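The primary structure of each chain is shown beneath.
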Protein chains: 2
Amino acid sequence: MATPQRVESDLGWALGRVARAHLRVAQEQVAGLPGGPRGYQVLVAAAREESSTQLALAQKLGVDRTVMTYLIDELQAAGLVERRPDPADRRARRVVLTETGGARLCDLERRLREAEQHVLAPLTPEEQDVLRALLQRVAEVDPDTASACEVARDLGQEC
Amino acid sequence: MATPQRVESDLGWALGRVARAHLRVAQEQVAGLPGGPRGYQVLVAAAREESSTQLALAQKLGVDRTVMTYLIDELQAAGLVERRPDPADRRARRVVLTETGGARLCDLERRLREAEQHVLAPLTPEEQDVLRALLQRVAEVDPDTASACEVARDLGQEC
DNA sequence: CTAGATGTTCTGCTCGACAGACCATCGTGT
DNA sequence: ACACGATGGTCTGTCGAGCAGAACATCTAG
């Protein structure tokens, strides 16, 4: 028990706190949107990504494919997205934004940009940019690739 | 729809991805520990904080107090912590580490430090330090204080 | 044309989290 | 001393999110 850390120095703790705080303010902003923050992410992905089949969306956003089904059900019921048959594969459905979905997305983006700044308020604008950039670089690596390489087994250090 | 962002530039997306990735590798390391990663955080908090009453722990870790009850139940059943009567307040229980709990915590800290480095692998050591420092500063602000100040209502910008 | 793989949906189930009630105890006021 | 509300901890009931597994349609390979 040589140098046990405080909770505050734990990466998982900080990560959880910030993620939870962000989630909370984000939920206020997307109130009423089916699926909450995830519904928003589906809208963004559907607007940008070209190969927006349900499965591709699911693994990009890190949700189960069975969840994506009723997530899109709700967004479609709200008139924000449409399921179009994939011309190349009749099993797949391509998820595309409707016009009202685009307008809604535009509004949500504005709101969430503010919410993010709100969470990052304790940092200077330059520090916010640094944090965003670093987080994005960490987030962009393929999680499967990362998990493939085992954690080093040589636990030889003192405690 | 002037400049709609990609999903990757969304802070919530990056935050969620990194938090999930960290959670995954962390869960591998704490396998067998009651309560998973949260159990670990309870151990850390119980080891460091002096005023470690259950309610204080709960709000420090951001969990409901009813959850903290059976969380500590399990840790106690595993012989890692003890509930001691608070000499000053007979309603409260102070959560203290047992000897085996301390040893276990020591081992877990070593494992998790490696797991964290594993998640942050795409960054240089200096960048890792920067990211940790920035996240901690954001995480340390009182969430209630932050939520008290409303998000600015002047949404005058163009989209 | 058969056999296995893949995209989507549906069903059933489990588990975690919260609300609410409940008990013991504290602090305050009278 | 006593009564009252507030607080820490525990228990019960309930609800919803998410996953496994099966079912169905379709693709691809041989």
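Here the structure is shown first, and the text comes after it.
Anyway, here's the lowdown on the structure attached to this text.

1. A look at the overall build of chain A
Check the secondary structure of chain A and you find seven helices and two strands. Secondary structure elements of chain A, listed N to C terminal, follow the sequence α-α-α-α-β-β-α-α-α. Counting only residues that meet the buried cut, chain A has 36% of its 159 residues in that class. For chain A, the share of sequence-separated contacts (at least 6 apart) that also reach a separation of at least 24 residues comes to 45%.

2. Points about the protein's contact with DNA strand D
In the vicinity of DNA strand D there are 16 residues, among which Asp64(A), Arg90(A), Gln54(B), Leu55(B) and Thr66(B) approach most closely. Only α4 (65–77) of chain A together with α3 (54–61) and α4 (65–77) of chain B provide two or more residues apiece to the surface near DNA strand D. Broken down by element, the residue count for the surface near DNA strand D peaks at three residues, all from α4(B). Looking at the surface near DNA strand D residue by residue, the classes come out as four nonpolar, five polar and seven charged.

3. Quick word on the packing of helix α2 (residues 36–48) of chain A against α4(A)
Residue and element names in this part refer to chain A. Axis separation between α2 and α4 bottoms out at 11 Å; the angle between their running directions is 80°. Classified by the interaxial angle, the pair formed by α2 and α4 is roughly perpendicular. Two secondary-structure elements touch here, α2 through Arg 38, Gly 39 and Val 42 and α4 through Leu 71, Ile 72 and Leu 75.

4. Here's the deal with the nonpolar core
General note: in soluble globular proteins, nonpolar side chains tend to be found buried as a group. In terms of nonpolar packing, the biggest core is built from 77 residues, with Val18(A), Leu43(A), Val18(B) and Leu43(B) touching the most fellow members. Beyond its immediate stretch of four places on either side in the chain, Leu43(A) contacts Leu80(A), Leu97(A), Gly101(A) and Leu105(A).

5. Focus: the packing of helix α1 (residues 11–29) of chain B against helix α5 (residues 99–119) of chain B
All names here are of chain B. Two elements in contact, α1 and α5, have axes whose closest approach is 9 Å; the angle formed by their N-to-C orientations is 150°. Put simply, α1 runs roughly antiparallel to α5. Crossing angle aside, the handedness with which α1 passes α5 is right-handed. Packed against α1, whose contacting residues are Ala 21, His 22, Val 25, Ala 26 and Gln 29, the element α5 presents Arg 111, Leu 112, Ala 115, His 118 and Val 119 at the interface. For the contact of α1 with α5, the class distribution of residues is six nonpolar, three polar and one charged.

Thresholds applied
Residues numbered from 1 in each chain as written. Chains lettered and ligands numbered in written order. Predicted model: local features only at pLDDT ≥ 70, side-chain atom pairs only at ≥ 80, totals over all residues. Helix = DSSP H or I, 4+ residues; strand = E, 2+ residues; numbered from the N terminus. Buried ≥ 20, exposed ≤ 12 C-beta atoms within 10 Å, placed from the backbone. Contact = placed C-beta atoms within 7 Å. Near = placed C-beta within 6 Å. Nonpolar A, V, L, I, M, F, W, Y, C, P; charged D, E, K, R; others polar. Axes fitted to C-alpha atoms, helices over the stretch in contact; angles between N-to-C directions. Parallel < 35°, antiparallel > 145°, perpendicular 65-115°, else oblique. Core = buried A, V, L, I, M, F, W, Y, C linked by C-beta atoms within 7 Å. Left-handed = near helix turned anticlockwise from the far one by under 90°.

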